[in-house]
Amino acid sequence: MKVLLVYPEFPNTFWSHDFALKMVRKRAVSPPLGLLTVAALLPADWEKRLVDLNIGPLTKEALAWADYVFVSGMSVQRDAAKEIIARAKKAGKIVVAGGPLFTAEYATFDQVDHFVLNEGELTLPPFLADLANGCAKRTYRTRAFADLTKSPTPLWNLVDLKAYHSGAIQYSRGCPFDCEFCNVTALFGRAPRVKTGAQIIGELNALQASGCADRVFFVDDNLIGNKPAAKKDLLPALAKWQTEHHPMRFNTQASMNLADDEAMTSALVKGGFDAVFVGIETPDAADLAECGKTQNLKRDLLEDVKRLQRAGLEVQAGFIVGFDNDKQDIFQRQIDFIQRSGILTAMVGLLHAPPGTRLAERMRKEGRYIGPSSGDNTDGSTNIVPRMGIKKLRAGYDDLIEEIYSPAAFYKRAKTFLKEFAPQRRAQKIDPRHLAAMLHSFVRLGIFGKERFHYWGLLAWTLTHRPKLIPDAFRMAICGYHYRRISEITRQRTPVENPFAEFMAPARQNAMS
C-alpha cells in the first residue's frame with residue numbers, strides 16, 4: 001500500500017510568519033505533527049510519503065505514485081484542503097481525511113471517501129482493520145479519549161526538518177478550563193492526558209537525530225493543565241536532558257495561573273522553556289466573566305506578565321475584542337495594557353465562535369450565528385453578530401492593530417520587554433544562519449524599512465544596556481516586521497470580503513450596521 005500524506009498550505013496569517021521566515025531562510029514555522037503521528041500509526045510495511053504544501057508543491061508524480069491520499073488540517077486551511085481533495089479525486093485516488101477541520105466539518109466534504117475523526121490513536125485502528133477486510137465505512141468517530149502513553153513517536157524521517165523554524169512535540173491533550181469561545185475541551189476534554197517524561201525524551205532524541213538543532217514548540221493547548229504530572233515527571237526529565245545534550249530552546253502555551261506557581265515557572269525555565277503563549281483576552285473583568293475565563297479573574301494580569309518575564313519567560317499573548325460587554329473604550333484599554341506589558345507578540349482578534357463551543361451554541365440560540373469560522377481570528381472577520389455592531393467593532397479593531405504594530409509603538413514595547421526580561425538560558429551563539437538573518441534585517445529593516453530609525457535605536461539601546469540580548473532584539477525586529485505587514489493586509493480588507501457574508505440574512509446585516 002502506498003500512502004501519500006498531504007498537509008494543506010496556510011494562508012498568510014499572524015501565525016504563519018511568512019514575512020519573517022524569508023529573512024531567516026525557512027519555509028514554514030513547524031512540521032505537520034498530526035500527520036507525522038498518523039504515519040507512525042499506519043502499518044510498518046506500507047510505503048509512506050508526506051507532502052507539506054507550506055514547503056513545496058503537490059506534484060502530479062506524487063499523486064500518481066499513491067494508492068491513498070491522507071489529508072489533515074485546521075479550519076484556516078479549509079480552502080487549501082478542498083483543492084487537495086479535488087486534485088486527488090480527479091487523479092482517481094481514495095481520500096482519507098481527519099484532524100480538527102474534518103472533525104468539525106466533515107459533512108461539508110462530500111468528495112472524501114473515508115473520515116477518520118477525533119483522536120487517530122482510537123479511530124485509525126478500526127478503519128485499518130475494516131480496510132483490510134474490505135468493509136471500510138465512510139466515517140469513524142469516537143467520544144472516548146486516547147491514552148497518550150500509547151501514542152507513537154512521529155515519523156520525522158518523512159520531512160526535512162531543516163526547512164522548518166522549529167520542531168514540534170505534543171505532551172498533553174485537554175484543558176481543565178472551559179472558556180466559552182474555545183473548542184479545546186470539546187475536542188479533547190477537560191481532564192488533561194499526558195505522555196510520560198520518557199516518551200518526550202525519546203521524541204526529543206528522535207528530533208535531534210533527524211536534524212532539529214535549535215528550537216522545539218510544545219504544541220499543547222495548556223502544558224500545565226496537569227500540573228502534578230508536569231512537575232513530577234516532564235520538567236525534571238527535560239532539565240536532565242538539557243545537561244546531557246546539545247541544549248534546545250522550547251516554547252509552549254499555558255494558562256495564566258502559571259504566574260501563581262513560582263516552582264512551576266522555575267522548573268519550566270530549567271527545562272529549557274524561554275517563551276510561553278497565554279490567553280489574556282481582555283483587561284475587562286466583565287468580559288472575562290462573560291466568557292468563563294475564570295482563571296484570569298481576581299488577579300493583576302499586568303503584574304503576572306512581568307513576573308513571568310522576570311523569571312525568564314517571554315510572554316506572548318492572545319487578546320480578543322467583540323465581547324457583548326465591550327464598550328467603545330475597550331480598544332484603547334487593550335492598547336494601553338499591551339504597551340505597558342511589553343508583550344511583543346500580541347495576537348489581537350475579533351471574537352469567533354468555533355464549532356463545538358458554548359459560544360457557538362449561544363449564538364445560534366440568540367440568532368446571531370452567521371456561519372463557519374474562518375479559523376483565523378486575526379483576519380478582521382467574525383462569524384457572529386456583535387452587540388457593538390460590525391462597523392464600530394471593525395473600525396476600533398483596525399485602529400488597535402495599526403497602533404500596536406506601528407514602528408513607534410512596537411519598538412517602544414520591545415524596549416519595555418528587554419528591560420524586564422531575565423533569561424536563564426545559556427548565552428546564544430551566533431551561527432552563520434543567524435548572521436545571515438541579521439544582515440538581511442540590516443537591509444530590509446535598517447535601510448529600506450519605514451521602521452529604520454526605530455530599528456537602529458533599539459539595537460543601539462540593547463548593545464548599551466543589555467548586550468547579551470542582542471540576538472533577541474534582532475529576532476523581535478524581524479517578527480515585528482511580519483506583524484506590521486499582516487496588520488496592514490488585515491486593515492485593507494473590508495467587511496464585504498468576509499468569506500461568509502453570503503450567509504447573512506438582511507436582518508442580520510442591519511443588526512451589524
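Since this is a predicted model, take the numbers as computed values, not measurements.

Caption draft 1: Structural detail: the overall build of the protein chain. Scanning the protein chain from N- to C-terminus turns up 20 helices and 14 strands. Taken over C-alpha atoms, the radius of gyration comes to 23 Å for the protein chain, in line with the 24 Å a tight globule of 513 residues would show. Taking the principal axes of its C-alpha atoms as reference, the protein chain extends roughly 70 × 65 × 45 Å. The buried share among the 513 residues of the protein chain stands at 56%. Put simply, of all contacts in the protein chain between residues at least 6 apart along the chain, 78% involve residues at least 24 apart. Accessible surface, the protein chain as shown: approximately 21800 Å² in total, 54% of it carbon and sulfur. Charge separation in the protein chain, taken as the distance between the mean sites of 68 positive and 56 negative side-chain charges, equals 3 Å.

Caption draft 2: View of the side chain of Ser72. Counting through the fold element by element, Ser72 comes out in strand E3 (residues 68-72). Separated by 3.0 Å, the side chain of Ser72 and the backbone oxygen of Gly98 make a polar contact. Apart from residues lying up to four places away in sequence, Ser72 is in contact with Val6, Tyr7, Pro8, Leu35, Gly98, Gly99 and Phe102.

Caption draft 3: Just the packing of aromatic side chains, in detail. Inspection of every chain in the model, using the stated rule, returns 22 aromatic pairs. With centroids separated by 5.5 Å and ring planes inclined at 70°, the aromatic side chains of Trp15 and Phe277 adopt a geometry described as edge-to-face. Placement of Trp15 in the loop between strand E1 (2-7) and helix H1 (18-24) and of Phe277 in strand E12 (residues 273-281) is noted, with a sequence separation of 262 residues between them. For Trp15, a relative accessible area of 36% puts it in the partly exposed group. Between Phe102 and Phe115, the ring centres sit 6.5 Å apart and the planes meet at 45°, which makes this aromatic pair tilted. Highlighted residues: Phe102 in helix H5 (residues 100-105) and Phe115 in strand E5 (residues 114-116), separated in sequence by 13 residues.

Caption draft 4: Just the pairing of strand E10 (residues 215-218), in detail. Two elements, strand E7 (residues 167-169) and E10, share three bridges in a ladder whose sense is parallel. From the neighbouring strand, Ala168 faces E10, where its bridge partner is Phe217. With three bridges joining them, E10 and strand E11 (residues 249-253) adopt parallel strand pairing. Directly across from Phe217, in E11, lies its bridge partner Asn251.

Caption draft 5: View of the packing of helix H13 (residues 330-341) against helix H15 (residues 390-404). At a closest axis distance of 9 Å, the pairing of H13 and H15 adopts a crossing angle of 20°. With respect to H15, the axis of H13 lies roughly parallel. Seen along the crossing, H13 lies across H15 with a hand that is right-handed. Here Phe331, Gln334, Ile335, Ile338 and Gln339 of H13 lie close against H15, whose contacting residues are Lys392, Leu393, Gly396, Tyr397, Leu400, Glu403 and Ile404. When the residues that make up the contact of H13 with H15 are grouped by side-chain class, the tally is seven nonpolar, three polar and two charged.

Caption draft 6: Quick peek at the packing of helix H17 (residues 432-444) against helix H18 (residues 452-465). Following both chains from N to C, one finds H17 and H18 inclined at 135°, their axes separated by 10 Å at the closest point. When the axes of H17 and H18 are compared, the pair comes out oblique. For the pair formed by H17 and H18, the contact residues are Met438, Ser441 and Phe442 on the first element and Tyr455, Trp456 and Leu459 on the second. A class-by-class count of the residues in the contact of H17 with H18 yields five nonpolar, one polar and no charged.

Caption draft 7: Up close: the sheet that holds E10. Taking strand neighbours across the sheet as the criterion, the six strands line up as E7-E10-E11-E12-E13-E14 in an open arrangement whose pairing is parallel. At either end of the open sheet lies a strand with only one pairing partner, and these are E7 and strand E14 (346-350). The average angle at which neighbouring strand axes cross in this sheet is 20°, direction not considered.

Caption draft 8: Inspection of the pattern of salt bridges at higher detail. Under the definition given, this model contains 36 salt bridges. Salt-bridge contacts for Glu121 lead to Arg173; the nearest nitrogen and oxygen are separated by 2.8 Å. With Glu121 in helix H6 (residues 120-132) and Arg173 in strand E8 (residues 172-173), this pair connects stretches of sequence that are 52 residues apart. Of the two residues, Glu121 and Arg173, neither departs from the other in class, the shared state being buried. We note a salt bridge from Arg299 to Asp260, for which the minimum N-O separation is 2.7 Å.

Conventions adopted
- Residues numbered from 1 in each chain as written.
- Predicted model: local features only at pLDDT ≥ 70, side-chain atom pairs only at ≥ 80, totals over all residues.
- Heavy atoms only, no water.
- Helix = DSSP H or I, 4+ residues; strand = E, 2+ residues; numbered from the N terminus.
- Rg over C-alpha atoms; globule rule 2.2 N^0.38 Å.
- Buried < 20%, exposed > 50% of the residue type's maximum accessible area, 1.4 Å probe, protein only.
- Contact = heavy atoms within 4.5 Å.
- Areas by Shrake-Rupley, 256 points an atom, 1.4 Å probe, with all protein chains shown as cover.
- Lys, Arg positive; Asp, Glu negative; His and termini not counted.
- Charge placed at Lys NZ, Arg CZ, Asp CG, Glu CD.
- Polar contact = N/O pair within 3.5 Å; in protein donor to acceptor, adjacent residues only side chain to side chain.
- Phe/Tyr/Trp six-rings, centres within 6.5 Å; stacked < 30°, edge-to-face > 60°.
- Pairing = 2+ DSSP bridges.
- Axes fitted to C-alpha atoms, helices over the stretch in contact; angles between N-to-C directions.
- Parallel < 35°, antiparallel > 145°, perpendicular 65-115°, else oblique.
- Left-handed = near helix turned anticlockwise from the far one by under 90°.
- Nonpolar A, V, L, I, M, F, W, Y, C, P; charged D, E, K, R; others polar.
- Salt bridge = Lys/Arg side-chain N within 4 Å of Asp/Glu carboxyl O.

Functional significance is not addressed by these values, which are geometric in nature.
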